[in-house]
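Residues per chain are reported as follows:
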Amino acid sequence: MSAVRYRPATLADAELAADMMTAAYPAMPQDPVIMRLRWESPRKGFAHGRFIAEGDGAPIGYLGWIHGPWDKLPDRHCEVEVWLEQRHLDRGLLVAMFAWIGEQAIADGARLLMSYCAEDEPEMLDSLAALGYRRERIERCWELDLRKHGARLVADAKRACDRQSGEGIELTTLARWSDPNGLRKLLELSNLTAQDVPHTLPIIDETYDDFARRMEAPDRPHDRIWIALHDNVPVSLSYLKFPPVRGTVWTSYTCTHPGFRGRGLARAVKLQGLAQAVELGVPVVCTDNDSENAPMLHINEQLGYVARPGFVEHHKRVTK
Ligand SMILES: CC(C)(COP(=O)(O)OP(=O)(O)OC[C@H]1O[C@@H](n2cnc3c(N)ncnc32)[C@H](O)[C@@H]1OP(=O)(O)O)[C@@H](O)C(=O)NCCC(=O)NCCS
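What you see is a predicted model, and the numbers here were worked out from it, not measured in a lab.

*Asks:* How should the environment of alanine 110 be read in this particular structure?
*Replies:* Assignment of secondary structure puts alanine 110 in the loop between helix 3 (91-107) and strand 5 (112-118). When the C-alpha atoms of alanine 110 and threonine 248 are compared, they prove to be 33 Å apart, with 138 residues separating the residues in sequence. Ignoring anything within four residues of it in the chain, the contact list for alanine 110 reads Trp70, Arg76, Cys78, Ala105 and Val318.

Okay, structure coming up:
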């Protein structure tokens, strides 16, 4: 292949990028519709760069950097990503691509580069190590066979619903909840609990507009967003994302308000979504959580999830 060239990606490249990401890591197909929506509407204050890598005049991969507003990120961390189609997989090329995208991020003011790759991507792991990235955290991934566990999950979901109802908690969906301030209350729960997800880098609160837009995306119909209500206040939330074109049905987020933890609520709301997926005929679902998130690891094991390769969060400090 001749020297690789990089060109800025435009919105029209979103589907191409989703295709190349899928070809780079087929175990996790990327949905083109969702990719385009994400590209169209970045989070408020977030900056990004997106590029298509070309070899012999044809696209071979996607590269990007993205970071939050620097005034909210004293560490100035910036995520960089490289997706090289597997048929072009080559350690030297990966090192060159990671080095190039890292330079772009540094030119935008980054002081710490962060990048994920999967545990079963040895070439990616080697390339990041060769460039001096350290392994910082592990995101555990899991999958659950609904054909095998469906009947049990449906029965457990019903039992959990009855138990919570006896304790004054209603398990319902966002579609059935008719509170005009519902989304604002959910955002409050989401932002509050996000800080309790084990993490190294700062987590920036989501704005209402960004949250509302995300919750309107076509992969999360409101009759599949499960919530637990106590006195009309959402105290727990769990939902699966259903990619409209391709990809695995995957948990988006599960959380419980700190004042209501340890009462089986997260398991109960997660079970409602799983039972619904069983009834929809979904064969398998996935989920992920930080390797230090003890309660979530425990819940996923109990629900019958089995491990699949996770993701390694890498960091590289680029200034003193
Ligand atoms: C993780 C989280 C959702 C759990 O919510 P919850 O409503 O308290 O969960 P549940 O009560 O349904 O279940 C918690 C289980 O973990 C167990 N648990 C709690 N701490 C634990 C620990 N340190 N080690 C092992 N198990 C633990 C509990 O005993 C309970 O299991 P049990 O019912 O079999 O006894 C909640 O802590 C949270 O919102 N955290 C922040 C958001 C987050 O991390 N979400 C997951 C992102 S992937």
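And the narrative resumes.
*Asks:* Whenever I open this one, the site of the ligand confuses me. Can you help?
*Replies:* Contacts to the ligand come from 23 residues, most closely from Thr254, Thr256, Gly262, Gly264 and His298. Threonine 254 has a polar backbone atom sitting 2.8 Å from a nitrogen atom of the ligand. At 2.7 Å from an oxygen atom of the ligand is found a main-chain nitrogen or oxygen belonging to glycine 262. Protein contact buries 72% of the 970 Å² of open area that the ligand shows by itself. Counting only elements with at least two residues in the shell around the ligand, the list comes to strand 10 (249-256), helix 8 (265-279), strand 11 (284-290) and helix 9 (294-303). Among the elements that make up the shell around the ligand, the one with the highest residue count is helix 9 (six residues). Taken together, the residues of the shell around the ligand sort by class into nine nonpolar, nine polar and five charged.

*Asks:* Where do I start with the domain arrangement of the protein chain in this structure?
*Replies:* One frequently used descriptor of interface size is the decrease in accessible area upon assembly of the parts. Per the domain assignment, the segments of the protein chain are domain 1 (5-132) and domain 2 (141-311). The distance between the C-alpha centroids of domain 1 and domain 2 comes to 28 Å. Across the boundary between the two partners, domain 1 contributes 31 residues, which contact 21 residues of domain 2. For the pair domain 1 and domain 2, the two sides together bury roughly 2,000 Å², of which 65% comes from carbon and sulfur. Run the count over domain 1 and domain 2 and you get one salt bridge. Arginine 246 is the salt-bridge partner of aspartate 19, the closest N and O atoms lying 2.8 Å from each other. Counting the contacts that link domain 1 with domain 2 gives twelve residue pairs in polar contact (both at pLDDT 80 or more). Looking at which element gives the most residues to the side of domain 1 that touches domain 2, the answer is strand 5, with five residues. Considering only residue class, the side of domain 1 that touches domain 2 consists of 18 nonpolar, five polar and eight charged.

*Asks:* Teacher, can you tell me more about the packing of aromatic side chains here?
*Replies:* The description of an aromatic ring pair rests on the distance of the ring centres and on the angle between the ring planes. Here the structure, examined in full by the defined rule, presents five aromatic pairs. The interplanar angle of 70 degrees and the centroid separation of 6.3 Å between the aromatic rings of tyrosine 25 and phenylalanine 311 together place this pair among those described as edge-to-face. Taken together, the residues tyrosine 25 in the loop between helix 1 (14-24) and helix 2 (32-40) and phenylalanine 311 in strand 12 (residues 306-317) connect sequence positions 286 residues apart. Take phenylalanine 311: its relative accessible area is 16%, and that puts it in the buried class. Pairing tryptophan 39 with tyrosine 62 gives two aromatic rings, centres 5.5 Å apart and planes at 35 degrees, and the pair type is tilted. Of this pair, tryptophan 39 sits in helix 2 while tyrosine 62 sits in strand 3 (residues 58-67), and the two are 23 residues apart along the sequence. For the pair shown, tryptophan 39 and tyrosine 62 are each scored as buried. One aromatic cluster is present, built from ring pairs that chain together Tyr6, Phe51 and Trp100. Directly above the ring of tyrosine 208 sits arginine 184, whose terminal nitrogen or CZ lies 3.7 Å from the centroid.

Cut-offs and rules
- Residues numbered from 1 in each chain as written.
- Predicted model: local features only at pLDDT ≥ 70, side-chain atom pairs only at ≥ 80, totals over all residues.
- Heavy atoms only, no water.
- Helix = DSSP H or I, 4+ residues; strand = E, 2+ residues; numbered from the N terminus.
- Contact = heavy atoms within 4.5 Å.
- Near = heavy atom within 4 Å.
- Polar contact = N/O pair within 3.5 Å; in protein donor to acceptor, adjacent residues only side chain to side chain.
- Areas by Shrake-Rupley, 256 points an atom, 1.4 Å probe, with all protein chains shown as cover.
- Nonpolar A, V, L, I, M, F, W, Y, C, P; charged D, E, K, R; others polar.
- Domains from an automatic or database assignment.
- Buried area = accessible area lost by both parts, 1.4 Å probe.
- Salt bridge = Lys/Arg side-chain N within 4 Å of Asp/Glu carboxyl O.
- Phe/Tyr/Trp six-rings, centres within 6.5 Å; stacked < 30°, edge-to-face > 60°.
- Buried < 20%, exposed > 50% of the residue type's maximum accessible area, 1.4 Å probe, protein only.
- Lys NZ or Arg CZ within 6 Å of the ring centre and 35° of its normal.

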